[in-house]
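Read off the chains here:
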Amino acid sequence: MFAVTQAPNSIHTGWPAYRAGAVLSVHLDAVVHNYRLLKVRAPHAVCAAVVKADAYGLGAAQVAPALVGAGATQFFVAHVDEGLALRPHVGAQVGITVLHGPRPDAVEACLAHGLRPVLNSMEQIGWVRAVARQRQQQLGVVLQLDTGMSRFGLSADDVRQIAADPTLLDGLKVELVMSHLACADEPANPANAAQAARLVEYAAVLPVRAPLSLAASSGVFLGPDYHFDLVRPGAALYGVAPHSGAPNPLRAVVSLKAHVLQTRTLSRGDRVGYGLTWKAEGPCRVATIAVGYADGFIRARANGSAWFGGQALPILGRISMDSMTVDISAIPEGQLEADGMVELLNDTYGVDDVARAEGTIGYEVLTSLGHRYHRNYEHAA
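So, a few notes on the structure that sits alongside this text. What you see is a predicted model, and the numbers here were worked out from it, not measured in a lab.

## Topic: helix H1 (residues 28-41)
Logical step 1: Taking 1.5 Å of rise per residue, the 14 residues of H1 would be expected to cover 20 Å, and the 20 Å separating its terminal C-alpha atoms lies within 8% of that figure.
Logical step 2: All of the buried residues along H1 are Leu28, Ala30, Val31, Val32, Asn34, Tyr35 and Leu38.
Logical step 3: Where H1 is buried, its residues touch strand E2 (22-27), strand E3 (46-47), helix H3 (60-69), helix H9 (217-220) and strand E20 (374-378).

## Some remarks on unusual backbone geometry
Glycine aside, negative phi is the norm for most residues, and most peptide bonds take the trans geometry.
Logical step 1: For Ala55, which is not glycine, the phi dihedral falls at a positive 55°.
Logical step 2: Relative to the helices and strands, Ala55 resides in helix H2 (residues 52-56).
Logical step 3: The backbone of Asp339 sits at a positive phi, close to 75°, despite the residue not being glycine.
Logical step 4: Here Asp339 is to be found in the loop between strand E18 (324-327) and strand E19 (341-345).

## A look at the nonpolar core
Logical step 1: Core analysis: the biggest nonpolar cluster contains 85 residues, and Leu67, Phe75 and Phe297 have the highest contact counts within it.
Logical step 2: A per-element tally of this core places H1 first, with six residues.
Logical step 3: Here Phe297 is in contact with Leu256, Val291, Gly292, Ile319, Met324, Leu344, Val354, Glu358, Leu369 and Tyr373, once residues within four sequence places are set aside.
Logical step 4: Counting 32 residues, the second largest nonpolar core, distinct from the first, contains Val131, Ala184, Ala196 and Leu206.

The rules behind each value
- Residues numbered from 1 in each chain as written.
- Predicted model: local features only at pLDDT ≥ 70, side-chain atom pairs only at ≥ 80, totals over all residues.
- Heavy atoms only, no water.
- Helix = DSSP H or I, 4+ residues; strand = E, 2+ residues; numbered from the N terminus.
- Expected span 1.5 Å × (residues − 1).
- Buried < 20%, exposed > 50% of the residue type's maximum accessible area, 1.4 Å probe, protein only.
- Contact = heavy atoms within 4.5 Å.
- Core = buried A, V, L, I, M, F, W, Y, C linked by side-chain atoms within 4.5 Å.

Read these as spatial facts, not as claims about activity.
Shown next, in the form of structure tokens:
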């Protein structure tokens, strides 16, 4: 029997605070709030939690127990090893589903630790069926259907093949049939309704009946027609906006403060950073801070800012591996000096804002946050 790791009100990981260049705070109470909000949005479906990629870079060992405490009983990961690492933190009774399913040599390890594989192809069905035959027992699995994304899942031809020969599922207890929306972050895109209809159509052809799942984070906000029996939010748990251009109903989960390493005054014509791509148009004050592209802030970041006292501090020039330079001219002299701190993520400038500045999405910002930060995991008492 595994014991669930209980998170105290505040725990710390990573480099010690006095040696780290920056401090990343993960607000577990915000994760719990977001999970509960998602459950309310899909009241008739089981609300699972996706914690792949180490809970989107935020630490599954800390995030998952908080979600168990909030009532989560089903978790999804991408790889078998992610499931093996997660198991001690959620206990033996919690379900863990492996989205990629097992490779042939990993089937036994997957099943031995109570992980449920998603079978995405006829090959994977065959690998798991062979183990079921060897064990002479029914093995719980999930079938994924490709309803239009052309990424994972059984094709329409595969579904018809199984319908014509139900023995292809011998030894398999199909506990869930799922698919994945390609355009859930675009509510008006007709592909969403088309995929939902295909899921129902294909599932009806299968020789088994099982609960259905289609909606991940953004899909939850498309409404009840997409909820079916189980929803699988991931990025929404961590505060990423479900639909760009609309108000974000989710709480920010992370904040990030970086130390100032050095300040200096530049004259007109002085340049900053590798390639000397930024030039001062007049006298200005700048600060070099201890976060760079090795910490998840990409080298060519455009239009980005750090923050101090509610004042935006434009990032100047190219970001280096371990540092970046920001314009602090708007801050009164003496208020921000060496070893002071500026914010890179906060309640009003979050991962989606950084993503817009970098030309990417909040998912990538979260999963790119490095391991050199001192990490605070904070839970409301």
